[in-house]
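Here's the letter readout for the chains.
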Amino acid sequence: MKRAMLLLWMATLSAFAAEEVTIPVPNDPYGKHVLVHKSGKASQRVIVTKRTGLTGELYTKRSYNCEKQTVRMIGTGHTLEILENQNNRWPENAVISRSVAEDIGMLACSEV
């Protein structure tokens, strides 16, 4: 199942590679998630996303350890400036199945 989801993600990313990368997040049907930035290696992959929904826009920065399947929230904010000025020390946790963190993690841990 996860392999099929990864293939779906890769196909989706290829379709949007020219401009904006929309991230499929079935666990958040009312939000549109877009990749803003992705960096790092598999043991410390950092991803910034923008969610647009009923309450407006929200940027989120997470750090994934793709090898251990863990995630740590770095921060959130309504603008990139607010997000970058945060220095939260939230704990690293296992990625929960069928969660937004898992959906975003599929992209974060892909090689695309």
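The preceding data block contains the structure.
The model shown is predicted, which means the values in this text are computed figures rather than measured ones.

Calculation rules
- Residues numbered from 1 in each chain as written.
- Predicted model: local features only at pLDDT ≥ 70, side-chain atom pairs only at ≥ 80, totals over all residues.
- Heavy atoms only, no water.
- Pairing = 2+ DSSP bridges.
- Helix = DSSP H or I, 4+ residues; strand = E, 2+ residues; numbered from the N terminus.
- Disulfide = S-S within 2.5 Å.
- Buried < 20%, exposed > 50% of the residue type's maximum accessible area, 1.4 Å probe, protein only.

*Asks:* Explanation requested: the pairing of strand β5 (residues 70-77) in the structure shown.
*Replies:* Regular strands place their side chains on alternate faces of the sheet. Taken together, the seven bridges between strand β4 (residues 56-65) and β5 define a ladder with antiparallel strand orientation. Across the sheet, the residue bridging to S63 is R72, located in β5. Remark: four residues form the turn of the hairpin made by β4 and β5, two consecutive strands paired antiparallel; Q69 in that turn has positive phi of roughly 60°. Bridge count between β5 and strand β6 (residues 93-94): two bridges; the pairing is antiparallel. Paired with V71 across the bridge in β6 is N93.

*Asks:* Looking at this model, I keep getting lost on the state of the cysteines. Mind explaining?
*Replies:* As used here, a disulfide is simply a covalent bond connecting the sulfur atoms of two cysteines. Under the counting rule described, the total for this entry stands at one disulfide. Across the disulfide from C66 sits C109; the S-S distance is 2.1 Å. Disulfide C66-C109: torsion about the S-S bond near -90°, hence left-handed. Remark: C109 occurs in the segment after α3 (100-108) and C66 occurs in the loop between β4 and β5; sequence separation between them is 43 residues. Here C66 falls in the buried class, since its relative accessible area comes to 16%. Note on C109: relative accessible area 30%, which makes it partly exposed.

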